[in-house]
Amino acid sequence: MTVLDNLRSAMQGLASNKLRSFLTMLGVLIGVGAVIILVAVGTGSSAQVQSRINALGTNTLTVFGGGAFGPGRSSGTQTQPAQLTLADVQAIGDPSQAPDVQSVSPVISTNVTATFGSASTTAQVIGSTPSYLTADDYTVQAGSPITSSDVTTRSRIVLLGQTVVSDLFSAGTNVIGQTIQLGSASFRVAGVLASKGSSGVTNQDDVIIAPYTAVQDELTGEASTFTQLIVQARSSSAVSLAETEVEDILATQSGTTVANPPFTILNQASLLSTAASTSSTFTVLLGAV
């Protein structure tokens, strides 16, 4: 029997069993469509997670004054949390001690009620230095960024996120140069940040950034310690080297060892790699199902 005869016989069989042929074809279409949709969902979820982590910066390290059992730590003995001080900032920012570190930004954060006229909102206030904007991927859309001089002179100026702007000011208002109240203290609006959107449950536009010295003066009180340090490596490929240098410096500063650190370092690049690996496994599993 030739191929043509086989094809003719098959077509006759399909024509004589129309309902069975239709149901079989429908089952195949549903199965293939389900696989395509599931794989697309897995791939889309992976891309979304990676984009959110990328928005946090893949060449940055976040240092917390916590014990050994933080992100990226799986062993060691819990110790007293380290105090992150200005001396730590200066040591990490020293090129002779940390050649793979591009910048280090001390961070003081607190939640404060901001008011302008009759409008008010509660937002996170971040006190830091000019390098924080680049390290945390913030862009000044209008006005001027914070300068080193602002930090030194303890200037009471702020940069407002888009959510804060919309909560305090009516549409069309020229925000630059306006004076707002943070608690009982007055701050001048020097700039407006470009929108960053949300990262998980965190609204990155609901933020106010100011020189950390002014935040200490007016909001948190003078303190010798910081909430965290944002360390930016010179490149994505140098993150691991920068992490090792930061570990060595902080261990020396706190009088302990790298094996038993009283601090936690969150490596965004490692987080991205882990998320990508997990998402890939999830996608393969969906495809197999």
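About the criteria used
- Residues numbered from 1 in each chain as written.
- Predicted model: local features only at pLDDT ≥ 70, side-chain atom pairs only at ≥ 80, totals over all residues.
- Heavy atoms only, no water.
- Patch = residues over 30% accessible without salt bridge, like charges linked within 9 Å, V, L, I, M, F, W, Y side chains within 5 Å.
- Areas by Shrake-Rupley, 256 points an atom, 1.4 Å probe, with all protein chains shown as cover.
- Salt bridge = Lys/Arg side-chain N within 4 Å of Asp/Glu carboxyl O.
- Helix = DSSP H or I, 4+ residues; strand = E, 2+ residues; numbered from the N terminus.
- Buried < 20%, exposed > 50% of the residue type's maximum accessible area, 1.4 Å probe, protein only.
- Pairing = 2+ DSSP bridges.
- Phe/Tyr/Trp six-rings, centres within 6.5 Å; stacked < 30°, edge-to-face > 60°.
- Lys NZ or Arg CZ within 6 Å of the ring centre and 35° of its normal.
- pLDDT = per-residue confidence, 0-100.
- Contact = heavy atoms within 4.5 Å.

1. Some remarks on a nonpolar patch on the surface
Then, number 1: A contiguous nonpolar surface patch, about 720 Å² in accessible area, is contributed by L19, F22, L23, M25, L26, L29 and I30.
Then, number 2: Looking at where I30 falls in the secondary structure, it is placed in helix α2 (residues 18-56).
Then, number 3: Under the relative-accessibility criterion, I30 is labelled exposed at 55%.

2. Examining helix α7 (residues 212-220)
Then, number 1: Among the residues making up α7, those that are buried are Y212, T213, A214, V215 and Q216.
Then, number 2: One or two steps after α7, the chain reaches G221, where phi turns positive at roughly 90 degrees.

3. Section: the pairing of strand β13 (residues 228-233)
Then, number 1: Where burial is concerned, most of β13 is hidden: six out of the six residues are buried.
Then, number 2: The two faces of β13 match: Q228, I230 and Q232 on one face and L229, V231 and A233 on the other face are all buried.
Then, number 3: Looking at chain direction, strand β1 (residues 60-64) and β13 are connected through five bridges and run antiparallel. Each bridged residue has a counterpart across the sheet, and for L61 the counterpart in β13 is V231.
Then, number 4: Taken together, the six bridges between strand β3 (residues 101-116) and β13 define a ladder with antiparallel strand orientation. Opposite V107, over in β13, you have Q228 as the bridge partner.

4. Digging into the packing of aromatic side chains
Then, number 1: Evaluated as defined, the whole model comprises three aromatic pairs.
Then, number 2: With centroids separated by 6.3 Å and ring planes inclined at 25 degrees, the aromatic side chains of Y132 and Y138 adopt a geometry described as stacked.
Then, number 3: Looking at Y138, the relative accessible area reads 9%, which means it is buried.
Then, number 4: Summarising the aromatic geometry, the rings of Y212 and F226 are spaced 5.3 Å apart at their centres and angled 80 degrees between planes, so their arrangement reads as edge-to-face. With Y212 in helix α7 and F226 in strand β12 (residues 225-226), this pair connects stretches of sequence that are 14 residues apart.
Then, number 5: With a relative accessible area of 9%, F226 lands in the buried category.
Then, number 6: Looking at K196, its charged tip hangs above the ring of Y138, at a distance of 4.3 Å from the centre.

5. Some remarks on the confidence of the model for the protein chain
Then, number 1: Looking at the protein chain, pLDDT values average 81 and 79% of them are 70 or higher.
Then, number 2: Residue range residues 68-79 is modelled with pLDDT below 50. Its contacts to residues more than four positions away, or to other chains, number 26 contacts.

6. Side note on the pattern of salt bridges
Then, number 1: All chains considered together, the criterion is met by two salt bridges.
Then, number 2: When the shortest N-O distance is used, the salt bridge between D217 and R154 registers 2.8 Å. Residue D217 is found in helix α7, and its partner R154 is found in the loop between α5 (148-152) and β6 (157-160); the two are separated by 63 residues along the sequence.
Then, number 3: By relative accessible area, which is 33% here, D217 ends up partly exposed.
Then, number 4: A relative accessible area of 27% means that R154 is categorised as partly exposed.
Then, number 5: Where E218 meets R156, a salt bridge forms, and the shortest distance between an N and an O atom there is 2.6 Å.

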